[in-house]
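Results of the structural survey
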Amino acid sequence: DRRVMPRVFPEAVQRRVGILVRSAFLRGVLTSQVNSVPERLAPVRDAALRVFAQARNTVPSLSEMALRFCLSFNEISSVIIGVRSVQELESNVADAEKGALPPEQVDQLCQVSVPDERLLDPQNWQDLITQSGSRRAGEREGKPRNANGE
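Remember, it's a predicted structure, so these values are computed and weren't measured experimentally.

1. Side note on the overall build of the protein chain
- Helices and strands together make up the secondary structure of the protein chain, namely six helices and two strands.
- Taken across its 150 residues, the protein chain has 41% of its residues classed as buried.
- Within the protein chain, contacts between residues separated by at least 24 positions form 77% of all contacts whose residues are at least 6 apart in sequence.

2. What to know about a nonpolar patch on the surface
- A cluster of nonpolar side chains, namely Ile81, Val83, Leu89 and Val93, defines an oily patch on the protein surface of about 270 Å² accessible area.
- You can see Val83 is positioned in the loop between strand E2 (76-79) and helix H4 (86-97).
- Residue Val83 is classed as partly exposed on the basis of its relative accessible area, which comes to 34%.

3. Concerning the confidence of the model for the protein chain
- Mean pLDDT for the protein chain: 82, with 83% of residues reaching 70 or above.
- This stretch, residues 130-150, has a pLDDT under 50; its non-local contacts, to residues over four places away or in other chains, come to 41 contacts.

4. A closer look at the pattern of salt bridges
- Evaluated as defined, the whole model comprises six salt bridges.
- Taking the shortest distance from any N to any O, the salt bridge between Lys98 and Glu64 comes out at 3.0 Å. Of this pair, Lys98 sits in the loop between H4 and helix H5 (103-110) while Glu64 is found in helix H3 (residues 62-70), placing the two residues 34 residues apart along the sequence.
- Residue Glu64 is classed as buried on the basis of its relative accessible area, which comes to 2%.
- What emerges from the salt-bridge pattern is a single network uniting Glu39, Arg45 and Asp46.

5. Re the packing of aromatic side chains
- Applying the stated criterion across every chain, the model contains two aromatic pairs.
- Ring centres of Phe69 and Phe73 lie 5.2 Å apart, and the angle between their planes is 80°; this geometry places the pair in the edge-to-face category. The pair Phe69 / Phe73 is uniform in exposure class, with both members buried.
- Put simply, the rings of Phe9, Phe69 and Phe73 pair up and form one aromatic cluster.

Reading the values: rules and limits
- Residues numbered from 1 in each chain as written.
- Predicted model: local features only at pLDDT ≥ 70, side-chain atom pairs only at ≥ 80, totals over all residues.
- Heavy atoms only, no water.
- Helix = DSSP H or I, 4+ residues; strand = E, 2+ residues; numbered from the N terminus.
- Buried < 20%, exposed > 50% of the residue type's maximum accessible area, 1.4 Å probe, protein only.
- Contact = heavy atoms within 4.5 Å.
- Patch = residues over 30% accessible without salt bridge, like charges linked within 9 Å, V, L, I, M, F, W, Y side chains within 5 Å.
- Areas by Shrake-Rupley, 256 points an atom, 1.4 Å probe, with all protein chains shown as cover.
- Salt bridge = Lys/Arg side-chain N within 4 Å of Asp/Glu carboxyl O.
- pLDDT = per-residue confidence, 0-100.
- Phe/Tyr/Trp six-rings, centres within 6.5 Å; stacked < 30°, edge-to-face > 60°.

Below is the structure:
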């Protein structure tokens, strides 16, 4: 949810305050689990798959794209992530070490939108907390299938 960026980023820089990002993976939506989200989140899923299809040559996974997108802004001090295994942690660290995405890809990602912005607020997804807890460790690997099953 980038709505706060124009207001918060300049203010944080002026006040010399760090910015922490949470829910970088949108509770698993921006991972290989993208096709497992409830149908009511279809607009978020579809937007994620569209943008990933365009970025596939630069990043191998949605989760890497999401993490590196967050790390592409100098104003962001830290990205808080959750992991279920050492393997997920190591994978996320390896992704983060790749650094920022190319500027043209960041610009492209900044243009992505969904019709109902409330869908981007994970606070509205309480039912996903239970569902995501049942996933097996290591399911982050693999590439999501797009809307065409590819």
